[in-house]
Amino acid sequence: MPESRLPAGAAPPLEITTPHGPALVEIDEVAAPRFLLVLTHGSAGGVDAPDLLAVRDAVTAIGGTVARVLQPFRVRGARAPGSAVKQDEAWETLVTGLRGRYPGLPLAQGGRSNGARVACRTAGRVGARAVVALAFPLHPPGKPERSRAGELRAAGVDVLVVNGDRDPFGVPEAADAARLVVLPGEGHDLGRNPARVGEVVAEWLDTRMRPGPAHPLSVTGRV
């Protein structure tokens, strides 16, 4: 199992049983939360990725409770997710469990890289209002013909994509998301200025997670 880095006195992660093994969830709660954001990692990563932590900090500052999920395949120590069907089944189970802990809260979900793909594929089935896709891997490096843009288009809800302009996995088109923000100088890890990633996500969710209908937006941003 990947090493857990908990601050002194911090609560241990919540364990949620799924059909494909346990998931571990680190939850940052806020008083009187406006919404719940469930985030996850990439194929070989963890919930302490700098961009995920920056998003957590920025979103809790605007009143969102944030749950960072270590998926079952990473709890087992695997570095690849395996079957997308099984990964999605596990995700749907754990998100359902989290929603049960926070009844009535609007749900947003997202992740980085592979986690962004999972969030897009399952958004409709778990009832998410919005998806945050960090470093969405448009295609395998050097293989642009194997596009995954269809996963963005099929999400069924508004999707924010935040990618770096130096990402070897490519950058989606603006038409494939509600909003595309391309960060100059950033690679796939979005590690050069993760605080900016958090700001972009919080600004977008602050509008998307307000009561009432969503407001369509299709903009490409380079900041």
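Refer to the preceding data block for the structure.
Residues numbered from 1 in each chain as written. Predicted model: local features only at pLDDT ≥ 70, side-chain atom pairs only at ≥ 80, totals over all residues. Heavy atoms only, no water.

Examining the pattern of salt bridges
Cut-off, in case you're wondering: The salt bridge criterion pairs a side-chain nitrogen of Lys or Arg with a carboxyl oxygen of Asp or Glu, the two atoms within 4 Å. Each helix corresponds to a stretch of at least 4 residues labelled H or I by DSSP, and each strand to a stretch of at least 2 residues labelled E; elements are numbered beginning at the N terminus. Between buried and exposed lies partly exposed: a residue is buried under 20% and exposed over 50% of the maximum accessible area for its type, with that area taken using a 1.4 Å probe on protein chains only.
Counted according to the given criterion, the structure contains 16 salt bridges. Of the charged contacts, one joins Arg-68 and Asp-48 as a salt bridge, the two residues approaching to 3.2 Å between their closest N and O atoms. With a gap of 20 residues between them, Arg-68 in strand 4 (residues 64-70) and Asp-48 in the loop between strand 3 (35-40) and helix 1 (50-61) connect regions that are remote in the sequence. Between Arg-121 and Glu-151 there is a salt bridge, with the nearest N and O atoms lying 3.5 Å from each other. Highlighted residues: Arg-121 in helix 4 (residues 114-126) and Glu-151 in helix 5 (residues 149-153), separated in sequence by 30 residues. For Glu-151, a relative accessible area of 17% corresponds to the buried category. Residues participating in the shared-partner salt-bridge network are Asp-88, Glu-92, Arg-117, Arg-121, Arg-125 and Glu-151.

As for the nonpolar core
Here is the rule we go by: Throughout this description, the term nonpolar core refers to a set of buried Ala, Val, Leu, Ile, Met, Phe, Trp, Tyr and Cys residues connected via side-chain atoms within 4.5 Å. Throughout, a contact is declared for two residues whenever any of their heavy atoms are within 4.5 Å.
One finds Leu-36, Val-38, Val-69, Leu-94, Leu-98, Val-159 and Val-161 to be the most contacted residues of the largest nonpolar core, which totals 31 residues. Looking at this core, the elements with two or more residues in it are strand 2 (21-28), strand 3, strand 4, helix 3 (84-101), helix 4, strand 6 (130-134), strand 7 (158-164) and strand 8 (179-183). Looking at this core, the element that brings in the most residues is helix 4, giving 6 residues. If we ignore the near neighbours within four places in the chain, the residues touching Leu-36 are Thr-65, Ala-67, Leu-98, Tyr-102, Leu-105, Pro-106, Leu-107 and Ala-108. One finds Phe-35, Leu-37, Val-66 and Leu-183 within the second-largest nonpolar core, a separate group that totals 25 residues.

Examining the pairing of strand 3
The following threshold applies: Following DSSP output, two strands are said to pair if at least two bridges run between them.
Where burial is concerned, most of strand 3 is hidden: 6 out of the 6 residues are buried. By the alternation rule, side chains of strand 3 split into Phe-35, Leu-37 and Leu-39 and Leu-36, Val-38 and Thr-40, which are all buried. Relative to strand 4, strand 3 is paired through 6 bridges, and the arrangement is parallel. Bridging across to strand 4, Leu-37 finds its partner in Val-66. One ladder, built from 5 bridges, connects strand 3 with strand 5 (residues 107-112); its direction is parallel. Paired with Leu-36 across the strands is Leu-107, a residue of strand 5.

What about the packing of helix 3 against helix 4?
Here is the rule we go by: Axis angles are defined between N-to-C directions and span 0 to 180 degrees, where every axis is a line fitted to C-alpha atoms and, for a helix, only to the segment in contact. In a left-handed crossing the near helix is turned counterclockwise from the far helix by less than a right angle, and in a right-handed crossing that turn is clockwise. Each residue is assigned to one class: nonpolar for Ala, Val, Leu, Ile, Met, Phe, Trp, Tyr, Cys and Pro, charged for Asp, Glu, Lys and Arg, and polar for all the others, Gly among them.
For the pair helix 3 and helix 4, interaxial distance at closest approach is 10 Å and the crossing angle is 65 degrees. Here helix 3 runs over helix 4; the crossing is right-handed. In this structure, helix 3 contributes Ala-84, Gln-87, Asp-88, Trp-91, Glu-92, Val-95 and Arg-99 to the contact, and helix 4 contributes Asn-114, Val-118, Arg-121, Thr-122, Arg-125 and Val-126. Considering only residue class, the contact of helix 3 with helix 4 consists of 5 nonpolar, 3 polar and 5 charged.

Overview of the environment of Pro-168
Tracing the sequence through the fold places Pro-168 in the loop between strand 7 and strand 8. Using a relative accessible area of 44% as the deciding quantity, one classes Pro-168 as partly exposed. C-alpha of Pro-168 to C-alpha of His-139: the two residues are 29 residues apart in sequence and 8.6 Å apart in space. If near-sequence neighbours (up to four positions away) are discounted, Pro-168 is found in contact with His-139, Pro-141, Gly-142 and His-188.

Side note on helix 6 (residues 194-208)
Test applied: A helix's residues, less one, multiplied by 1.5 Å, set its expected span.
In this model, helix 6 (15 residues) spans 21 Å end to end at C-alpha, consistent with the 21 Å of a helix rising 1.5 Å per residue. Where helix 6 is concerned, the buried positions are Pro-194, Val-197, Gly-198, Val-200, Val-201, Ala-202, Trp-204, Leu-205 and Arg-208. On the buried face of helix 6, the contacting elements are strand 3, helix 1, strand 5, strand 6, strand 7 and strand 8.

Quick look at the pairing of strand 2
Bridge analysis of strand 1 (residues 14-18) against strand 2 gives 5 bridges, and the strand direction is antiparallel. By the bridge assignment for strand 2, Glu-15 is matched with Leu-24. Counting the residues that bridge the hairpin from strand 1 to strand 2 gives 2 residues. Here strand 2 pairs with strand 4 via 5 bridges, running antiparallel. By the bridge assignment, Glu-26 is partnered in strand 4 with Arg-68.

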